[in-house]
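The lines below spell out each chain.
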Amino acid sequence: MTAAPRAWTVTSFLSVVGITGLCVTAGPATPAHASPTELLQNPLTLDFQCSGCHQFENNPLAEDLPPHAPAAYFGTLMANAARDPVFWAGVALASDDYPGETEDCIRCHAPRAFLEGRGDAIAIDELIPPDFDSVSCEVCHRAIDDGVTPPGNARFVLDDTLVDGEPPRRGPWGYAEPNGPPLPPHPIIQDLEFLPSSRACGTCHDVTTARPRVDDQGAPIGVNFNEQRTYSEWLGSAYAQPGDDAKTCQDCHMALVEVPAAGCMEYENVGEFAESGARRHLMLGANAQALRVIADNSPGANGNAIDVALGLFDEFLATAATLDVEFPAAVDLSVGLDALGVRVTNHTGHKLPTGYSEGRVMWLEVTARYAGEIVWSSGLWDGAEIQADPQLRSYEGEAQRWADGTHNHLLLNDHWVLDTRIPPKGLVPGIETDPVGDRYALLPDDTWPNYDDHSYAFGPASVVDVTPEDATDDELELELRLLYVINTQSYLDQLRDDNDVNDAGQAVHDMYMDDGGPTPMVLSSAAVTVPLTGLEQPDPGDGDGDPGDGDGDGDGDGDPGDGDGDPPGMTSESSESSGDGLGGNEDAGGCSCATDGEGGPLALGGFSLLLLGIRRRRLART
């Protein structure tokens with residue numbers, strides 16, 4: 001069932017034309033509603049009004065660089081949070097589990113709806129058109145730190161005072177030059193403290209529910225359930241400390257423009273550029289498929305801006321992690337491969353992955369191919385889920401309601417079954433950010449490692465030589481890939497099957513199927529080709545040239561390979577790289593390879609935006 005849409009009117013339309021601007025470089029802010037629980041006295045300006053001045057082409061100095069106009073923001077998930085169909089399917093489940101407790105979800109994904117009294121919405125058609133501004137421009141550019149309100153659960157603090165007739169906007173520049181170009185057509189306050197800080201992001205990117213968290217025996221541990229802790233993960237990491245590692249969320253997700261630039265069209269047009277301070281509003285993360293689905297199914301979404309963002313995802317994702325692999329110098333199939341070591345290093349400023357955990361899993365895929373056929377493998381993707389195998393190495397957070405084991409219902413969760421997501425560099429122990437389970441051990445400096453070491457072993461395999469007359473071409477292609485999927489098939493199935501409230505679950509299921517179904521992303525890869533021995537000779541007179549019966553699981557049962565050379569459903573190309581890596585031993589003839597490129601800290605975005613509950617079948621873990 002679906003609620004009837006509400007009538008709407010524009011409650012705030014302040015033309016940017018002809019208003020005399022006032023620059024304010026300092027002064028106290030007195031918010032009328034420090035943690036808004038009622039209507040603002042001065043409603044948020046509509047985003048399309050902001051784009052009138054803040055949408056423009058790059059200046060000549062930046063013509064070959066990604067767009068730096070603030071309007072590039074309209075291609076982000078934050079700017080489309082209220083359109084996200086996974087969000088609405090999750091809200092439906094949550095509203096059924098605990099009616100009346102989904103207001104914080106709306107507060108984060110559709111702040112205008114919350115501020116104007118529509119925080120009880122549980123379906124997308126209960127919003128009005130301005131609500132689809134989502135996390136609109138002024139939610140950030142009117143935000144302040146009142147020194148009282150803690151981070152988390154979208155407890156944004158908005159300046160509701162007036163300067164020259166309207167609330168001032170905050171940004172990196174003061175516009176205080178008396179002989180400079182005309183001032184912006186709205187009041188400006190220079191903010192070099194809160195707006196560019198990770199604390200600003202922490203307003204939404206820590207999430208706590210009303211359920212007391214319990215331990216493995218069901219006993220309360222003294223805190224409510226820590227559903228998301230992306231900001232706290234950063235806060236406890238090396239990146240939050242002064243020194244060479246210091247980085248903010250914005251340093252990766254809103255990178256500084258490399259050349260002088262301006263923030264508005266008039267200043268760009270007259271060549272009045274600031275030497276520094278301009279940041280790209282691209283807010284890149286990992287959820288490219290969600291943007292594609294939104295672009296294809298939401299008429300109000302800015303498809304052009306989304307296309308620009310999608311074109312930048314692969315380069316950004318490559319900064320999240322690296323693989324260091326101890327490849328063998330050669331392989332004898334009659335002996336097998338007894339030690340294929342790999343280290344996965346997290347270069348982000350939070351856990352990898354981070355944010356809302358349901359339906360999300362990162363894992364290692366290993367393939368060994370001869371003549372295009374898989375001989376050994378682990379972690380293959382079958383087009384909808386990860387194929388379970390005894391050596392599967394996955395990285396995920398799994399929560400449940402302890403009393404009955406119910407999974408993937410955000411407001412029911414009270415217990416972490418496990419959390420094997422890789423910590424950020426230098427993460428200090430803390431009950432709300434610690435890994436759960438026995439995978440990681442504290443380092444000598446009492447911090448969690450930002451890496452995971454794993455080793456694979458594969459038994460002898462019976463494989464027929466496809467070129468018995470030529471021994472010089474016998475080679476084995478070894479490849480490891482770090483893959484990440486945000487919505488597994490079972491996650492989408494549960495959104496559909498558990499929904500007794502409306503049709504949001506069926507709708508999101510159909511949208512993702514129309515997009516080709518769940519699609520893993522390649523975060524990192526490493527590959528090498530090594531000499532191969534131990535191939536079997538074909539039967540006399542056979543002559544079929546089949547590669548043989550290596551089955552890919554190392555158990556020697558001789559099941560045939562799949563013949564396609566690549567798991568289904570993959571869209572990103574892997575890259576081969578080599579260099580010094582984990583545990584290389586030249587004396588023993590080993591070959592250590594690492595992924596190319598350097599991963600930058602704080603690279604992969606959590607921007608989870610309260611994506612809510614779903615069930616995934618349990619996978620085998622090590």
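Position numbers for residues start from 1 in each chain and track the written sequence from start to end. Local features are withheld for residues below a pLDDT of 70 in this predicted model, meaning they are given only at 70 or higher, and side-chain atom pairs are given and counted only at 80 or more; totals for whole chains, interfaces and linings count all residues. For the side-chain quantities, the full set of heavy atoms in the structure was used; hydrogens and water were omitted.

Going along the chain from the N terminus, every DSSP run of H or I of four or more residues is numbered as a helix, and every run of E of two or more is numbered as a strand. For the protein, the count of helices and strands is 14 helices and 17 strands. A 1.4 Å probe rolled over the protein chains alone gives each residue an accessible area, and that area as a share of the maximum for its type sets the label: buried under 20%, exposed over 50%, partly exposed in between. Residues counted as buried form 56% of the 622 residues belonging to the protein. Contact between two residues is taken to exist if any of their heavy atoms lie within 4.5 Å; hydrogens are not considered. In the protein, the share of contacts with a sequence separation of at least 24, taken over all contacts with a separation of at least 6, comes to 75%. Shrake-Rupley sampling with a 1.4 Å probe provides the accessible areas, and residues are treated as covered by the protein chains on show and by no other component. Counting every atom, the protein has about 25,000 Å² of accessible surface; 51% of that belongs to carbon and sulfur.

Any carboxyl oxygen of Asp or Glu within 4 Å of a side-chain nitrogen of Lys or Arg constitutes a salt bridge here. One pass over the full model with this rule turns up 24 salt bridges. With a closest N to O distance of 2.9 Å, D452 and R393 form a salt bridge. Of this pair, D452 sits in strand β14 (residues 451-458) while R393 sits in the loop between β10 (373-378) and β11 (394-395), and the two are 59 residues apart along the sequence. Per residue, the accessibility class of D452 equals that of R393, and both read buried. R496 serves as the salt-bridge partner of D497, at 2.8 Å between the closest nitrogen and oxygen. Given the relative accessible area of 27%, R496 is considered partly exposed. One network of salt bridges, in which partners are shared, links R112, E116, R118, D131 and D133.

Quick look at the packing of aromatic side chains now. Aromatic rings from Phe, Tyr and Trp, with only the six-membered ring used for Trp, were paired whenever their centres fell within 6.5 Å, and each pair was classed as stacked if the ring planes differed by under 30 degrees, edge-to-face if by over 60, and tilted otherwise. Scanning all chains against the criterion turns up nine aromatic pairs. Pairwise contacts between aromatic rings join W173, Y175 and Y267 into one cluster.

The next point concerns helix α2 (residues 85-97). For α2, built from 13 residues, the straight-helix expectation of 18 Å at 1.5 Å per residue is met to within 8% by its first-to-last C-alpha distance of 19 Å. Burial analysis of α2 places eleven of its 13 residues in the buried class, which makes it a mostly covered element. Considered for burial, the residues of α2 that qualify are P85, V86, F87, W88, A89, G90, V91, A92, L93, A94 and S95. Where α2 is buried, its residues meet α3 (103-109), α10 (288-297), α13 (489-497) and α14 (504-514). Expected span of a helix: the number of residues minus one, times 1.5 Å.

Let's shift gears to the pairing of strand β9 (residues 361-370). Counting buried residues along β9, ten of its ten residues qualify, which places the element largely inside the surrounding structure. Burial along β9 is two-sided: V361, W363, E365, T367 and R369 facing one way and M362, L364, V366, A368 and Y370 facing the other are all buried. Inspection of the sheet shows β9 paired to strand β15 (residues 475-485) by nine bridges, in the antiparallel sense. Paired with V361 across the bridge in β15 is V485. Two elements, β9 and β11, share two bridges in a ladder whose sense is antiparallel. Residue pairing for β11: M362 is matched across the bridge by Y395. Note: β9 against β10, five bridges, orientation antiparallel. Bridging from a neighbouring strand, V366 pairs with S378 of β10. Strands are treated as partners if at least two bridges between them are detected by DSSP.

Attention now moves to helix α11 (residues 303-310). Residues of α11 that are buried: A305, I306 and A309. Across the axial projection of α11, the buried residues extend over an arc of 100°, all falling on one side. The exposed set on the far side of α11, more than 90 degrees from its buried face, consists of N304 and D307. Think of the arc as the fan of directions from the helix axis to the C-beta atoms.

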